[in-house]
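# Notes for the structure review
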Amino acid sequence: MAEGRSIANLDFFSIPTDHLHVLDLHSARHEGVSVTATSDGLVLFIPRPRYIGRAIARAAYRGRNRLVTLLYPAPPSLVAAFVAFFVVYVASRPEDSFWRNSAAANFYWDIDECCLPFKRFFPNWARVAYLSVFFCLTVVLILMFIQRLWLRVLLSYGGWLRERRPGIITKLWALSLKAIYMPQRVLGGRHPLLYSFQGGLPSLPVPPLSATINQYLDSVKPLLSDEEFSKTKELAVTFQKTTGSRLQRYLWAKKIFWAHNYVSDWWLKFVYLASRDPLIINSNYYGLGYAYYCPSSDQLSRAASLVHYFCKFKQLLDREELEPQLVRGTVPLCMDQYRRIFSMTRVPGRECDTLVQSHASKHIVVLCEGVYFKVEVYHPASFAILTPWELRRVFVAMVAQAKATPPTAAEASIAAFTTDNRTKWAENRETHLSFGVNHASLHEIEAALFVLVLDPAKPKGGDSEGWSQQAKNLLCGNGVNRWCDKSFNLVVFANGIAGMHCEHAWADAPVMAHCWEWSNTGEISQDLYDKKTGLLREELEGDVRPGPAPRAVRLQWQLHPAAATAIQASLDSVLPRIADLQTVVFEFGQTNPGEFAAAEMKKCSMSPDAFIQMALQLAYRRHSGNFCLTYESSMTRLFLEGRTETIRTLSEESCAFVNAMLDSKASNEERVKKLHAAADRHTRKSRDAMSGRGCDRHLFALYVMGRGLEVPEDSLAFLKNALSLPWTLSSSQIPSQQCPERWPKWEGVDLAAPSGGFGPVSDNGYGVSYMVWEKHLFFHVSCKVSSDKTDSPTFVRYIKEALRDIRALFPPTEAAKVKST
């Protein structure tokens, strides 16, 4: 993925700073009264009264949510009751009482005298009433501020992450957190809104410079010779004593005075938006559906149901009714990335891309038979989300139209533009798609909630070969049927199998995985399909509502020969890159003889993640004959606007364990001891990364600050070298079952999902992602065929062998007890 690539060679000074922000796309759908300037003059737009009424209702609903979020955890009804009681109480007191004649009361009377010129028109009792309300609101706001401040202090505590068993301090900390949540649970009875905890999340800490440098040196020591390590250490010490301390002070200033998160804005800009590499394979990622189950074999029925549930998920986000995620039911995660799931597009720029979002969008774009259609997903009369049956009727008519009037070769291949180098795509966009009907059609695609692709392919499912076909198809398609700029493409194949193709800049994979899981579990929790035909059940036809029938509108293109030539050039560029990608998806689980999953790993006194990472180290050493710099992604969503941090898996302890495994003279006891030392070191690194104490984002921010301050290159030599080392092995774990309460409990039906994956970060390396279930382990391994140092099937064989060999160190009869990690 893009975040694992080198950023040290970016030209920081050529990128406009205004590309840091997410902008709103000018939408053709007006939500209220608006004035637009054109070359002919000013255009005044006044919508129909019912649209104005709905806009007012939405604004009122958003205002109500902001109030609930502001007052959380106190229920608004309780606050209103308190205010009413206080007003009545003060109004009933004599004029010389404390509540009407104290210093505080006189202060409010003075404000009233100075700031309200019309006070003489109000009777005295009315003035007492509204001043009492002002006083109550002031007290409430002060209490809410103190509560948010105290919550931020509590959430800054990271001891709970580092302790195997909670100590006294951690237990008191947990009780304090629960006490903060208590008023809502006891008095309100409602769950927190989506962004209820945002105001209480702490900001990402700036680690001590010495700790960051020591972490980095420890991680590269196994890779360098004594002479190379000595030179690297000398550079690090010189940097720390000179330029580093100055840049550290500037980072602290940014954290305190400038930004909620000292690294996230730069991370978005320089790692993602400033990259000129094509998105396909290099940055975007994919997600698969169920491993052994497909709800329906009918493409249009499946597409209609999934679109319906994606729209319901969006409705939850719009209403802020999706519950915020909590770690261990107590510690909230930042939900900021959820704002950008829908209607988001990455617009190419000559030097830097821009994230653009259309909040007013009510449609999706469907790619079918090479033709693009705009489909409104809300009923034109009731504004309700279209039912699956209504959507399927639209899709049936749409497919018939696409087959009756097929597109030209250029029209069917226009998405190839989005697979190209970002600067080249920006130039082609300006040259061929920035005017007339082409601009209008492009606007509809970029403003859409998402893109639905009805793919004619029929990849298999249920085994490694089928999952591998799905993975490569979802990530690359055929070069012309994935709109890579959209936040995500929902892909439904001709046999009903479904998956996703996702752009990476706007959010990280667990966010989209949550949305995907919620939509899939919603689909299967309802009895939607006829078990014999796979079609939507006929009884659902009653869900079709009266009124004007929704319809699909075909998007038009006028592509001149020069545009067709440019499209073909983009296609010719991407096809060799697709052919060069090798992806293998496989399962390693206890349902297969000699294999196992999470439960057995825990018996080895280590977390499944540490077990797998050590297996990857062993597998790569056996495969290549050497060690490599290894990247594992960790989330930092415990902090406001947090995204990811790097876990540097390679360590002296992991190398010692691998060498012991390769040493035929080493005993099992010695190997187990070194394995536990390596796993414990990895677990500490994981917890440090989650708690904002990793080294990579800090090094990155120091480098960006240094470039921005025009620090001489020689003074940044240590940082540039640190950020230029290739991540030969890039890995990531996707959490499973983020909404477990929605999963149906079906006897005899395995609903495990293989999750998703990404392309290799290094030309001579591997991209490895995995998902851990109690009975399954799913791995995704990708590399480039053109490299003589990589081969996915061979590496897969070594991974399986390493997993078995590590488990063999712990005979079942002597397996250690499960330890809390």
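Residues numbered from 1 in each chain as written. Predicted model: local features only at pLDDT ≥ 70, side-chain atom pairs only at ≥ 80, totals over all residues. Heavy atoms only, no water.

### Considerations on the packing of aromatic side chains
According to the stated counting rule, one finds 33 aromatic pairs in the structure shown. Between Trp160 and Trp173 the ring centres are 5.9 Å apart and the planes differ by 10°, which places this aromatic pair in the stacked class. Here Trp160 is found in helix H6 (residues 159–162), whereas its partner Trp173 is found in helix H7 (residues 168–188), with 13 residues between them in sequence. With respect to class, Trp160 is no different from Trp173; both count as buried. (Phe/Tyr/Trp six-rings, centres within 6.5 Å; stacked < 30°, edge-to-face > 60°. Helix = DSSP H or I, 4+ residues; strand = E, 2+ residues; numbered from the N terminus. Buried < 20%, exposed > 50% of the residue type's maximum accessible area, 1.4 Å probe, protein only.)

### Regarding the sheet that holds strand E21 (residues 777–784)
Taken in spatial order, the 6 strands line up as E15-E21-E20-E18-E16-E17 in an open sheet, and their pairing is mixed. In this open sheet, the two strands that pair with only one neighbour each are strand E15 (581–587) and strand E17 (644–648). If you compare each strand with its neighbour and ignore which way they point, the axes differ by 20° on average. (Pairing = 2+ DSSP bridges. Axes fitted to C-alpha atoms, helices over the stretch in contact; angles between N-to-C directions.)

### What to know about the confidence of the model for the chain
Across the chain, the average pLDDT comes to 88, with 90% of residues at 70 or higher. In this model, residues 13–29 is a region of pLDDT below 50 whose contacts with residues beyond four sequence positions or in other chains number 45 contacts. (pLDDT = per-residue confidence, 0-100. Contact = heavy atoms within 4.5 Å.)

### Remarks on unusual backbone geometry
The omega torsion of the bond from Tyr72 to Pro73 falls at 15°, within 30 degrees of zero and hence cis. Tracing the backbone through its elements, the reader meets Pro73 in the loop between helix H1 (49–71) and helix H2 (76–91). One non-glycine residue, Glu320, lies in the positive phi region at around 60°. Even without being a glycine, Glu369 presents a positive backbone phi close to 55°. Among the secondary structure elements, Glu369 is positioned in the loop between strand E9 (363–368) and strand E10 (371–376).

### Quick look at the pairing of strand E18 (residues 729–733)
Counting buried residues along E18, 4 of its 5 residues qualify, which places the element largely inside the surrounding structure. Of the strand pairs in this sheet, strand E16 (residues 630–635) and E18 are connected by 3 bridges, and their pairing is parallel. Each bridged residue has a counterpart across the sheet, and for Tyr631 the counterpart in E18 is Ser730. Sheet topology places E18 next to strand E20 (residues 766–772); 5 bridges connect them, and they run parallel. For Leu729, the partnering residue across the bridge sits in E20 and is Tyr766.

### With respect to the packing of helix H4 (residues 103–115) against helix H5 (residues 124–155)
Orientation of H4 relative to H5, taken along the N-to-C sense of each, is 115°, at an axis distance of 10 Å. Our classification of the angle between H4 and H5 gives roughly perpendicular. In terms of crossing hand, the pair formed by H4 and H5 is right-handed. Contacts from Tyr108, Trp109, Asp112 and Glu113 of H4 reach H5 at Asn124, Arg127, Val128, Tyr130, Leu131, Phe134, Phe135 and Thr138. (Parallel < 35°, antiparallel > 145°, perpendicular 65-115°, else oblique. Left-handed = near helix turned anticlockwise from the far one by under 90°.)

### Some words on helix H11 (residues 299–319)
The terminal C-alpha atoms of H11 lie 30 Å apart, and with 21 residues this matches the ideal 30 Å at 1.5 Å per residue to within 8%. Among the 21 residues that make up H11, 17 are buried, leaving the element largely enclosed by the rest of the structure. (Expected span 1.5 Å × (residues − 1).)

### A look at the environment of Glu517
Note on placement: Glu517 falls in helix H17 (residues 509–525). A residue is classified by how much of its surface remains accessible, and Glu517, at 9% relative accessible area, is buried. The spatial distance from the C-alpha of Glu517 to the C-alpha of Arg742 is 9.1 Å, given a sequence separation of 225 residues. Excluding its chain neighbours within four sequence positions, the residues that come into contact with Glu517 are Ser736, Gln737, Gln738, Cys739, Pro740 and Trp743.

### Things to note about the pairing of E21
The buried fraction of E21 amounts to 8 of the 8 residues, a majority that puts the element mostly inside the structure. Side chains of E21 alternate between two faces, with Leu777, Phe779, Val781 and Cys783 and Phe778, His780, Ser782 and Lys784 buried alike. Strand direction decides the pairing type here: E15 and E21, joined by 7 bridges, are antiparallel. Paired with Phe586 across the two strands is Phe779, which belongs to E21. In this sheet, E21 lies alongside E20 in antiparallel orientation, the contact comprising 6 bridges.

### Remarks on the side chain of Arg648
Secondary-structure assignment places Arg648 in strand E17. Not counting the four nearest positions on each side in its chain, Arg648 is found in contact with Tyr216, Ser219, Val220, Leu629, Thr630, Lys685, Cys695, Asp696, Ala722 and Trp727.

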